[in-house]
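Reading the structure
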Amino acid sequence: MTVAPTSPGDTDALRLVIEGTVSETGPGFFRALVRNLASVMGTSGAWVTEYLPDNNRLRALAFWLNGSFLEHFEHDVPGTPCEAVLVEKRLVHYPDRVVELYPDDTDLQTLNAVSYLGVPLFDSDGRIMGHLAVLDSKPLRKEMRLISLFEIFAARASAECRRLRIEQEVRAREEELSSLLQGAMDGIVVLDDSLRIVRVNPAVQRLFGYQPEQMIGQEAKWFLAGDSAKLLTECIRQPGGPERQVWIPSRLTVIRADQSRFPAEATLSSFECRRTRFFTLILRNIDERIEAEQHIARLSSETEYLRKALADETGVDELLGNSPPMLSLKAAIQQVATTDATVLIHGETGTGKELVARAVHTSSHRKDKPMVRVNCAAIPGSLMESEFFGHEKGAFTGAVAKREGRFALADGGTIFLDEVGELPLDLQAKLLRVLQEGEFESLGSVKTRKVDVRVVAATNRDLAKMVAEGSFREDLYYRLNVFPLAVPALRERTQDLPLLAAAFQERFSRRMGCKSEALHPEELRRLAAYPWPGNIRELQNVIERAIILAPGTHPDLVKALPGQCCVEAPRRDETKDENRVLTASEIEEIERSNLQRALDVASGKVSGPKGAAALLNIPPSTFTSRMKALGVERQQESRNPVSPARGIS
Ligand SMILES: Nc1ncnc2c1ncn2[C@@H]1O[C@H](COP(=O)(O)OP(=O)(O)OP(=O)(O)O)[C@@H](O)[C@H]1O
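The following refers to the structure shown. Predicted, not measured: the structure shown is a model, and the values here were computed from it. (Residues numbered from 1 in each chain as written. Predicted model: local features only at pLDDT ≥ 70, side-chain atom pairs only at ≥ 80, totals over all residues. Heavy atoms only, no water.)

1. Describing helix 2 (residues 26-41)
- The terminal C-alpha atoms of helix 2, which comprises 16 residues, lie 22 Å apart, in line with the 22 Å expected from a rise of 1.5 Å per residue.
- Those residues of helix 2 lying buried are Gly26, Phe29, Phe30, Ala32, Leu33, Val34, Asn36, Leu37, Ala38, Val40 and Met41.
- At the C-terminal side of helix 2, Gly42 shows a positive phi close to 70 degrees. (Helix = DSSP H or I, 4+ residues; strand = E, 2+ residues; numbered from the N terminus. Expected span 1.5 Å × (residues − 1). Buried < 20%, exposed > 50% of the residue type's maximum accessible area, 1.4 Å probe, protein only.)

This is the structure in structure tokens:
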């Protein structure tokens, strides 16, 4: 409690306190305070401290002793008279023999202390900030007048300590705010009530191309295009104004220093400082986002267009056929589609295995997610792992950027592993892990990724035989073969030929813009008699060729059927027995000579756009396996044999 002094001497002392400290703040204030305090109290020393609770020490803010200042004075609290001040939180007075009371306080001896008077300094929440004390080398009488004066000095010290604390806090906040402004990616413009710029952050400089000093003092409309300035003013002047953060509904157009413009998304908020209203405008350049959105829209419509073109190109996305084997295949597809079971599709080349895989996907709950196809025969062995699981930047020479693998792309959907029999053994092990645990690591990464992918695989090879030969892992085989689907060869469902031929005729004639008459019964019989080693893909090619080669509107099957142009096969109008059925060896011979001829035309090259396989419109692996089966050899093949499992080119 403060007792007001009354004597004229006290008034002088008070004037000393006020005049000695009024012009000072911080360290200067404390130095003036302790010097005046010692003088008023008539003691040899006076000091004011701040309390350091972390290590229970007191650090002098100013220490006046015997006519000069002691610098950098700091001491532990325990075992000192100051401890009583801090613990009891009240004024403590030891008028005499203080050294005897605190024999362990060596500072007291060094300072030659006899008497001590100390008082704690509190912050506005009642917590101790430090203390103010005097000491003397002679006894100090307990005089009310002196104590009152001492308390007045203490009140002044407390007030300054509190002011300093607030000042420190304000400075810390300002630094925090400034680092937020400095680090923000968005442009931040602070406007005063007359909408003039008072502050900008470095991002504004980057976005606008102006130096901050060029902007300060300018009106907001200076950097906003006509309508945008009006919109901003409306948002600010609306009744109630932008109390909290508001989203400016349309985009603002910002004019850069070079007069170019960019669209910006903006938020606006207001605050009050020293009774003045300010507005904070946060601007984000959305040029790149708009460009990305347009890019996405363009890609989406291109994808849609390509999807349509693909459906048109590959024909139906529907599995045509009502023959008993096709009906049971369709029933099996519906049965398995709704589950997440792995499906293994088996069938000769061109029978429609990919179409079956697509039907499984589109009939499943995953239909809105992608079906990603991987042709295991077409990817070089060295790239296969990265193709499947992706790679990190720098994972191998040439990996200049991170790339997602097909499994990651298919997440949530289906992965279709076409020609799965061509997978090398080391990758078979990795595939098995994804099938079992749904997880993998991309090349060059230690992070395990989890995916939810349904696997549908297809092959025209005898996987069980490959397992027996040791070229396909048995565990993978069983894992894939959870639900086998066998796609019948076309020769096993000749019943479907009229339907298929008509559908392909319709498609190709539409595409070529011509008419195509229906095939005669004997032509359909001819189709049924052909063995169709290339199955439906081959039928499509034959029909297309027949329409192209037709002199009029009736397709020319005679010219279009394979082998008919290079082997003297019986022509409808020439043969004596037009219903003659070809033997298996005759058919083989036709196919053999056709393969040979394709090889001759392609100069012995199998794969590639000008390779023999492309001429027949079949995959190179199929071409190679047919060559093997029919004993067709390339000349260079006998000199330089290549593994039949990989493409030959
Ligand atoms: N049942 C069908 N109905 C209509 N078109 C079909 C049918 N089956 C296959 N096709 C068509 O035949 C062509 C070959 O089909 P697909 O590519 O699915 O065969 P595949 O068995 O996967 O061949 P490969 O083993 O050579 O990869 C495609 O153009 C496809 O649209």
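2. Brief notes about the pattern of salt bridges
- Counting across every chain of the model gives 40 salt bridges.
- We note a salt bridge from Glu74 to Arg59, for which the minimum N-O separation is 3.4 Å. Remark: Arg59 occurs in strand 2 (residues 57-65) and Glu74 occurs in strand 4 (residues 74-76); sequence separation between them is 15 residues.
- Arg59 gets classed as partly exposed once you look at its relative accessible area, which sits at 35%.
- Taking the shortest distance from any N to any O, the salt bridge between Arg165 and Asp123 comes out at 3.9 Å. Placement of Arg165 in helix 6 (residues 144-183) and of Asp123 in the loop between strand 6 (115-122) and strand 7 (128-136) is noted, with a sequence separation of 42 residues between them. (Salt bridge = Lys/Arg side-chain N within 4 Å of Asp/Glu carboxyl O.)

3. Considerations on the environment of Ala612
- Relative to the elements of secondary structure, Ala612 occurs in helix 23 (residues 612-616).
- Along the backbone, Ala612 and Phe623 are eleven residues apart, and their C-alpha atoms lie at a distance of 7.9 Å.
- Ignoring anything within four residues of it in the chain, the contact list for Ala612 reads Ala598, Leu599, Ala602, Lys605, Val606 and Phe623. (Contact = heavy atoms within 4.5 Å.)

4. Details of unusual backbone geometry
- You will see that His72, though not glycine, has its phi angle at about 50 degrees, which is positive.
- When you line up the elements, His72 lands in the loop between strand 3 (68-69) and strand 4.
- Classification of His72 by relative accessible area gives exposed; the value is 81%.

5. What about the packing of aromatic side chains?
- Tallied over the entire structure, the rule returns 18 aromatic pairs.
- An angle of 85 degrees between the planes, with centres 5.4 Å apart, marks the rings of Phe29 and Phe30 as edge-to-face. There is no split in this pair, since Phe29 and Phe30 are both buried.
- A centroid spacing of 4.6 Å and a plane angle of 80 degrees characterise the contact between Tyr530 and Trp532, whose relative ring orientation is edge-to-face. Each of the two residues, Tyr530 as well as Trp532, counts as buried.
- One cation-aromatic arrangement involves Arg31 over Phe69; the distance from NZ or CZ to the ring centre is 4.1 Å.
- Across from the ring centre of Phe508, 5.4 Å away, lies the NZ or CZ of Arg507, which sits over that ring. (Phe/Tyr/Trp six-rings, centres within 6.5 Å; stacked < 30°, edge-to-face > 60°. Lys NZ or Arg CZ within 6 Å of the ring centre and 35° of its normal.)

6. A look at the side chain of Thr49
- Summarising the element assignment, Thr49 is placed in strand 1 (residues 45-52).
- Take Thr49: its relative accessible area is 1%, and that puts it in the buried class.
- Engagement of the side chain of Thr49 in a polar contact is seen with the side chain of His131, the distance being 2.6 Å. (Polar contact = N/O pair within 3.5 Å; in protein donor to acceptor, adjacent residues only side chain to side chain.)

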